[in-house]
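Each chain, letter by letter, is given below.
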Amino acid sequence: MTAPAGKSPMRYVQSLNQALHRLLAERPEVLLIGEDLLDPYGGAFKVAKGLSSAFPERVLTTPISEAGLTGVATGMAMRGFRPIVEIMFGDFLMLCADQIVNHATKFSYMYSEQLGVPLTIRTPMGGYRGYGPTHSQTLEAMFLGVPRLTIVAPSQYHDPGAQLFDCVTRARDPVLFVENKLLYPQSLITPDDQGRVGHFTLAAIGTAAPAHPTLSLTLAPGADPDVTLVAYGGMAGLAVEAAYQAFMQDEVVVEVLLASMVSPVPSADLLPSVQRSRRLLVLEEGVCEGGWGAEVACQLATAGGPRGGMAIARVGAKRLPIPSARSLEQKVLPATGDVMAAIAQLTREG
Amino acid sequence: MEPHVVAAPQFGVNDTTATVVAWHVAPGDDVAKGMVLCELETAKATFEIEATAAGIVLPLAEAGAEVTVNQPLALVGTDRAALERRRASLTAPVAGDQPAIATDKARRLSEELGIELAEVRVAGPIIRESDVRAYARSREPDPFELAPLAARLDPAFRRAIADDPGFAALPSADKVARYRSAGAIIGEGVKIAPGAVILADAIELQDEVEIGPGTRVSAETFAMGRMSVLGASGRINCRHVRIGDCFFSASEIIVGGADRFADSDRLIIGDQCLVSARCFLDSGHGIRLGNQVALSPFVKLYTHQHWQNVLEGYHANFGPIIIEDGAYVTGDCLVTPGVRIGAGATILANSTVAGNVEPYTVVSGNPARRIGKVERPVPLERKERIARRLLGQMREALAGVVPEGAVIYMRTLEPKAIGGAQVVLTFDRAGQENAIAEGLVVFDLSDYRVHGRQNPISDEVRNFLRRRGIRFAPIHWRYGG
């Protein structure tokens, strides 16, 4: 048994690629800056494929210089462009952290809102591919709480192209747009006209940010969930699979909430489900400790969580460097069994 | 005859769908049981689907169609109209037109209850355990239906009671003798024991029924099964009472309350039930206890709740109470109108049950909330461990009463290897006949039956096990429930 798969010919990488084509075609102020972007290579994960041929002057390939290219893009953004930066691996964001934290996100405020910094930084994150300790991490949690930085990470149940388009065209302050590596080749999953995805019922909750909705997936629509499972981006598949297994094996109703806005945490989207289930499980690919899950749990608990409190569990990576060997990597990163165990722990009687 | 549903089987570990390759029969064909109806193909294999009964066949899926596990493929039956009716009900679309799949729990329950999953209709895409249970209930006869008592009585004797002036003229002692000879059917207003009064239009008491002194029964129909006991000083005021075999009530129970003698007023109790001292059963809107149900002292079952004015914002509440097989309501609990307590459920002491209780759960509090569940089924290895431990406890408890080595546990029944034992506990069916032939008493723990000529030692064993909730058939008169 597998979790249901919808039918859509569009792949995650295609959706982003088409959005970029459209952005460059329709918006003269949009530029793409990064390493190895030119055709025929088209970027390490082929998101930029075809762009340099179609828009040779507006796709800028640079040497290995993450801090420099982010700084250049920040300057361009201050002068009326809407640049898109591609950082080849999310791990390399550390190199441009100074530009993001101390410059790009500060200038609007420092210059009394006389200018905006509409900068979108796209980057692939995530492991499970045997790329080792410095090319497999999920580091967006390091940027939580940076004022004026928005972090967006669509899953395969979202529309990544549309969300990227929205970020690039509407942002006033920088956006970190996280693309999970494993998602690139996957087909996007869209519900049928009755809101069904396989046996799941899917509904969008856009209370927090309509352009970056949280998606609710449940096998028992209308019923109070036993557990609210919050996840985003690359963890969507794992979350849905665990929800399916928990229901089919033990009839535990798990409502999966797939956020696409990572920061600020879309608490308004998550709260109603937790108030009904009184059990929160947060799943993230990054290290659990000091992670997104801690922030989600705390915000929900303090923002009017269920009366009488709620049970909280987190599943994430272990606090270890990610090994290259696949067999070891699997032990460090979250797996279905970890999620199932957390669900069982939360729903244990007594 | 109801049509037989031929459903798509579980294809394999990974395949949940298959394609109908071809039909070997046409609609309306006569088929024999075992005849190949159609072929299905999955990614890995092809399957032949055979008729599970003989009759007229009605295919439900087109050749080339994709089908899922458990999806009905064809109907087989003898009555064309019934086939068409059934087809209409089966092909009514579920939401999303997606064939329903079943959870593991639903599958297990459907196997346990002998229900075909394909027949369970659900609003959503997935059949849950509760859907199977609801379907099973919908097929159950009315739990409060009473077979006419008169049908069970000798018509000639009934006529004599009603019309024969000679009978009416008989002295009381003779009448009682006649009642007894006619099958222990006792007419209106006859005293059973000093202080006990039974008033009823029709009463049927079978062998070895005891009614305690001071008991008063007043009912339109009253039937009580074999080896049942009503405790002293009880009061039963109920229009229809039907009590099964081996019922045991302690003293001072009260049956009755508001709406007694309304048509809905009935008390139906299954076999081997226990109603402890000072229980109150408000039967006005119907109470039904299944088999092996126990109520501890001071349990109150209310089928009505009203006093304050509903026009002024208050509620009135009426409804039958159904307590299913094996449930146990412990001391001082109160059960409110309309509640159904599922099979095997446990209600802990002092609880107020204000909503339905799921089978095999443990609930407690006011209002009673689920605090646990019974893990079922118990695996055989665990049962064996428990049985061995019980045997150890039994030897200790019955030391001096039961000789050393007289009671043993045997995994495999080998009569030759029993030494001086007289009683064997086992889960093994094979070899039971030989063991019994050797003069042994065999307690079969797999289906709770006892075999062989019983003796004082087996009585002790039986009584010891009874006090652990293990009851054996045939029932022993001494131990009632």
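Residues numbered from 1 in each chain as written. Chains lettered and ligands numbered in written order. Predicted model: local features only at pLDDT ≥ 70, side-chain atom pairs only at ≥ 80, totals over all residues. Heavy atoms only, no water.

Draft legend 1. The overall build of chain A, seen in detail. Check the secondary structure of chain A and you find 11 helices and 14 strands. By residue count, 57% of the 350 residues in chain A fall in the buried class. Accessible area of chain A: about 13,800 Å², with a carbon and sulfur share of 56%. (Helix = DSSP H or I, 4+ residues; strand = E, 2+ residues; numbered from the N terminus. Buried < 20%, exposed > 50% of the residue type's maximum accessible area, 1.4 Å probe, protein only. Areas by Shrake-Rupley, 256 points an atom, 1.4 Å probe, with all protein chains shown as cover.)

Draft legend 2. View of the overall build of chain B. Along its length, chain B carries nine helices and 38 strands. Across the 481 residues in chain B, those meeting the buried criterion constitute 45%. Within chain B, residue pairs in contact and separated by at least 24 positions form 38% of the contacts whose partners lie at least 6 positions apart. (Contact = heavy atoms within 4.5 Å.)

Draft legend 3. Here's a closer look at helix α6 (residues 160-170) of chain A. Residue and element names in this part refer to chain A. Summarising burial for α6: nine of the 11 residues are buried, a large majority. When we look at burial in α6, the residues that qualify are P160, G161, Q163, L164, F165, D166, C167, V168 and T169. Residues of α6 that are buried sit in contact with α1 (12-26), β1 (30-35), β3 (82-86), β4 (120-125), β5 (150-152) and β6 (175-180).

Draft legend 4. Fine view of the sheet that holds strand β12 (residues 261-263) of chain A. Residues and elements named next belong to chain A. Read across the sheet, seven strands follow the order β2-β1-β3-β4-β6-β5-β12 without closing on themselves; strand pairing throughout is mixed. At either margin of the open sheet sits one strand with a lone partner, and together these are β2 (59-62) and β12. On average, adjacent strands in this sheet sit at an angle of 25° to one another, irrespective of strand direction. Taken strand by strand, α6 contacts β1, β3, β4, β5 and β6, and its axis lies near 165° from that of β6. (Pairing = 2+ DSSP bridges. Axes fitted to C-alpha atoms, helices over the stretch in contact; angles between N-to-C directions.)

Draft legend 5. Layout of the pattern of salt bridges. All names here are of chain A. Applying the stated criterion to the full structure yields 23 salt bridges over all chains. Note that E113 is salt-bridged to R172, the shortest N-O span being 3.6 Å. You can see E113 sitting in the loop between α5 (107-110) and β4 and its partner R172 sitting in the loop between α6 and β6, a full 59 residues away along the chain. What makes E113 partly exposed here is its relative accessible area of 36%. (Salt bridge = Lys/Arg side-chain N within 4 Å of Asp/Glu carboxyl O.)

Draft legend 6. Focus on the environment of R429 of chain B. Residues and elements named next belong to chain B. Of note, R429 is situated in the loop between β36 (423-426) and α8 (432-437). Assessed through its relative accessible area of 47%, R429 is described here as partly exposed. A C-alpha to C-alpha distance of 8.7 Å links R429 and T412, two positions 17 residues apart in sequence. Look past the residues within four positions of R429 in its chain and what remains in contact with it is D444, S446 and D447. A distance of 2.9 Å separates a polar atom in the side chain of R429 from a polar atom in the side chain of D444. (Polar contact = N/O pair within 3.5 Å; in protein donor to acceptor, adjacent residues only side chain to side chain.)

Draft legend 7. Molecular detail of the confidence of the model for chain A. When pLDDT is averaged along chain A, the result is 93, and 97% of the positions lie at 70 or above. Taken together, the stretch residues 1-8 of chain A has pLDDT below 50 and engages in 21 contacts with residues farther than four places along the chain or on a different chain. (pLDDT = per-residue confidence, 0-100.)

Draft legend 8. Layout of the packing of helix α2 (residues 104-113) of chain B against helix α3 (residues 129-139) of chain B. All names here are of chain B. At their nearest, the axes of α2 and α3 sit 7 Å apart, and the two run at 25° to each other. The angle between α2 and α3 places the two elements in the roughly parallel class. Along the contact surface, α2 presents K105, A106, L109, S110 and L113, while α3 presents E129, V132, R133 and A136. Its residues placed into classes, the contact of α2 with α3 shows five nonpolar, one polar and three charged. (Parallel < 35°, antiparallel > 145°, perpendicular 65-115°, else oblique. Nonpolar A, V, L, I, M, F, W, Y, C, P; charged D, E, K, R; others polar.)

Draft legend 9. Spotlight on the packing of α1 of chain A against α6 of chain A. All names here are of chain A. The N-to-C vectors of α1 and α6 enclose an angle of 35°; their axes lie 7 Å apart at closest approach. Between α1 and α6 lies a crossing of right-handed hand. Of the residues in α6, those in contact with Y12, S15, L16, A19, L20, R22, L23 and E26 of α1 are P160, G161, L164, F165, V168 and T169. Per-class residue counts for the contact of α1 with α6 are nine nonpolar, three polar and two charged. (Left-handed = near helix turned anticlockwise from the far one by under 90°.)

Draft legend 10. Fine view of the sheet that holds strand β8 (residues 72-77) of chain B. Residue and element names in this part refer to chain B. Judged by pairing direction, the sheet is antiparallel, and its four strands sit side by side in the order β1-β8-β6-β3 without closing on themselves. Both edges of this open sheet fall to β1 (4-7) and β3 (30-31), since each of them pairs with a single strand only. Strand direction decides the pairing type here: β1 and β8, joined by four bridges, are antiparallel. When the bridges of β8 are listed, A7 appears paired with P72.

Draft legend 11. Molecular detail of the packing of aromatic side chains. Applying the stated criterion across every chain, the model contains 12 aromatic pairs over all chains. With centroids separated by 5.8 Å and ring planes inclined at 45°, the aromatic side chains of F107 of chain A and Y111 of chain A adopt a geometry described as tilted. With a relative accessible area of 39%, Y111 of chain A lands in the partly exposed category. Aromatic rings pair up to connect Y12, F45, F89, F92, Y131 and Y184 of chain A into one cluster. Over the aromatic face of Y360 of chain B sits the side chain of R376 of chain B, whose NZ or CZ is 3.6 Å from the ring centroid. If you follow R468 of chain B out to its NZ or CZ, it ends over the ring of F464 of chain B, 3.8 Å from the centre. (Phe/Tyr/Trp six-rings, centres within 6.5 Å; stacked < 30°, edge-to-face > 60°. Lys NZ or Arg CZ within 6 Å of the ring centre and 35° of its normal.)

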